[in-house]
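Chain and residue survey
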Amino acid sequence: QPEFTELTPPLGPRLGETTVVAFGTGFINIGNGIARCRFGTTTVEAVFDDSASGEEPVLSCRSPPWPIAEWVPVEVALDGQVFTKRRTVLFQYYGEFDVASLVPAGGPKAGGTEITVAGVGFFMSGIYLNCFFGDGQLPCSIDVQYPCYKAVQAVYYSPTRATCVAPSMPDGGAVTTPYPVRLGLNGKFGQSCPNSDTSFQCAFKSGLQFTYYNDVFVARVLPNSGQVLGGTRITITGRNFRTDLTSRTRCIFTRCTSADVWISGNTVGQLKAGKSVCSGTIISAKADGVLSSTQLVCRSPLASTADSHFSMVDVSLNGGVVYQRLYGPTCTDGACPVMFFYYALPLISALVPQLGPETGLTVVTINGVGFMGQKTAATPTGFKNTVTRCKFGEKESSTTTTGVTTPVRFITDSSISCVAPPQPAFDERGCGDAPRPACMRVQVSLNGLDSDFTLPEMGSVYTYHRQPELTGAPQPSAGPTTGGTVITLTGKGFAPSGLLRCRFYVGNYQNDTVAVYLSATQVSCPVPRVPDEQLVDIAISLNSQDFSPYILPKLFKYFPAPKVFSAAPAGGPAESVGVAFVKGEGFLDTQHVKCRVGTVISVGIYINSTYIKCLIPQAQPKVYSTSVLSLGVITPEILPDDFVAQSVQSQPLEVSLDGQIFSSSKIAYTYYISPEVKVIAPSQGAKTAAAVVAVLSGSSFRNDFGGPYCRF
């Protein structure tokens, strides 16, 4: 009696037709067509097979149909009559099952993609649960190329779900060929589902095909930066994209931490040593379109965090299940892998200047936070591969609108500069009272896309104005070459500004000084130092850059600084005003001549180029004795509120031709105490006696100023 120990496979559909192999010992061939297998009570023919060298002979038979899904005992009889009696070998009949879908429906041709098979009627059949990739009647091998099929082990999860890992693409196949995928519960390709046999009730479906594709490489993303809010339309360049897989194409973004990449310097955006991938959250976005095998378009998804950060970019052609992280071989914008920079919208805090002429071309520095530079040979620390753009209202700062080759420049991460385009100075939508000046909100797009401009309400206001006009001569209209004279300019169109400037055209160069706003028609500013005597032009700017074309031509005269040689008299009483004739050189009749004694400025009268008459101010109040006041002839002196007392001593006497800048000759004028006469002897004489000598007695007499003199 033979020993029957095992049946392979031990299960099959209740429709029958499963070819099984019976293993045991003592199997012999009594005669062709004699041996039998019995499934429950149904007997079928068995075939003796001893072709395996060194192995025990086996019997093979085909399971008969069975009315229900259940376990049945299997027996064998070598003579077709006497069956083994152990009844320990069982065969499992299972009912109909169906496969509805598989996800993903594609993967790299090297295999390795885990797919999920969905359907009904699955059960845990262990090693006999298989996925079959391909078609044909034979399994793929060295000798058998496509059409053929490859079988891989599947993993059971539930009656409606199983998974398996796709094998490599069959030899002889092509990436353009869709490969049918089947699920088998008993390891038999012919009894897998879907099946051409209609009795299996699991017909082929269009979604049950697996598409292989070549390895996907990424070489560039343009632009390579966008808002953390997502929505930036980017173009990815690479290799082996598939237009027929557009619906399954995904753009993958893996967040990089500061431990993964450099965030500053010449290697900004590059992986640090020892890092091959980024370690942060992975997000994805469906491709908007695959344009060709080398180019696709998608929109950046909402970033995983609100802070600015780099993300590693990849492309998946199977719905994001597999992303290969293959780059190059050359990455257009620098080192591989390709990175995308997520940024928080820049904040604009201030504009310098805040206004400019309607002719435009003002270089406006935009201060704020969150700016970044474009990577160029000149700025190796930049990262972006697109230009930054600025808008003033609805008008962009561009080469077309400004005529400037590079109208927008990166300065630091807290400032950029933009050239203001020309715009009318007045606008009905402007700000302020009529006529309304054109007040434009400045917007910035860091990646150059229209969709990524900052919101208008977040921008600082830039005001356009008409150029101011200067009219009439400056006051004063002359000053020394040493500079420092503060002149007042009259005109129209002036506006308060911290950048108000006067410009003096001195020879072949210009010299600017800070101006002070007085009113809409007046400003003041100091004149600069010049090398020699000359007439200069003067212009005005409201923003320190754009100077009005309406200049004052040759209306301010520079003259050599005057020099004082002497004064006559060289002194006088401190208690009263006086007059001194100042001798010197370089005197001019400027209508602003002034004299200064000590610290007190007084009237000066031009006489000629070498003489000026100076009014000497009183230095001390008059003091009268009680006896004098008692006579009632003299009243006590009442001094003005602005009277400045000075010491009774020598004080420097200087002159000024512009009323502001005085000479520095240090000529002394000496104040002294007024002499007091107490006694005169004789105290009378004949009115015709001219030779009578009177002797005066008193105090504070002196003879160092050419006197003394007596006056009767």
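Before reading on, note that the structure itself is shown above.
The numbers attached to residues start from 1 for each chain and follow its sequence in the written order. In keeping with the model being predicted, local features are shown solely for residues with a pLDDT of at least 70 and side-chain atom pairs are shown and tallied solely at 80 or more, while totals for entire chains, interfaces and linings include all residues. Side-chain calculation: all heavy atoms of the structure are included, whereas hydrogens and water are not.

**Considerations on the state of the cysteines**
- Pairs of cysteine sulfur atoms within 2.5 Å are identified as disulfides in what follows. Taken as a whole, this structure holds 10 disulfides when the rule is applied.
- Across a sulfur-sulfur distance of 2.3 Å, Cys131 and Cys164 are joined as a disulfide pair. Its torsion about the S-S bond being -95 degrees, the disulfide of Cys131 and Cys164 is classed as left-handed. In this pair, Cys131 sits in strand E12 (residues 130-134) while Cys164 sits in strand E14 (residues 161-165), placing the two residues 33 residues apart along the sequence. Both residues of the pair, Cys131 and Cys164, count as buried.
- The partner cysteine of Cys193 in its disulfide is Cys202, sulfur to sulfur 2.1 Å.
- Cys193 sits in the buried class, given a relative accessible area of 0%. Only runs of H or I of at least four residues qualify as helices and only runs of E of at least two qualify as strands under DSSP, and these elements are numbered from the N terminus. Exposure categories follow from relative accessible area, calculated using a 1.4 Å probe and restricted to protein chains: below 20% of the type maximum is buried, above 50% is exposed, and the middle band is partly exposed.

**Quick word on the pairing of strand E6 (residues 58-62)**
- Strand pairing requires that DSSP identify at least two bridges connecting the strands. Sheet topology places strand E3 (residues 19-25) next to E6; 4 bridges connect them, and they run antiparallel. The residue of E6 that forms the bridge with Thr19 is Arg62.
- Of the strand pairs in this sheet, strand E5 (residues 42-49) and E6 are connected by 4 bridges, and their pairing is antiparallel. Bridging from a neighbouring strand, Ala46 pairs with Cys61 of E6.

**Section: the nonpolar core**
- The nonpolar core is taken to be a set of buried Ala, Val, Leu, Ile, Met, Phe, Trp, Tyr and Cys residues, with the residues joined through side-chain atoms within 4.5 Å. Core analysis: the biggest nonpolar cluster contains 56 residues, and Ile236, Met339, Ile366 and Phe392 have the highest contact counts within it.
- The dominant element in this core, judged by the number of residues it contributes, is strand E25 (residues 339-343), at 5 residues.
- Only heavy atoms matter for contacts: two residues are in contact if any of them lie within 4.5 Å across the pair. In this structure, Ile236 is in contact with Val218, Arg220, Val221, Phe241, Cys251, Thr294, Gln295, Leu296, Cys298, Val313 and Val315, ignoring residues within four places of it in sequence.
- Core analysis: the next-biggest nonpolar cluster, separate from the first, contains 31 residues, Phe97, Val117, Ala162 and Leu183 among them.

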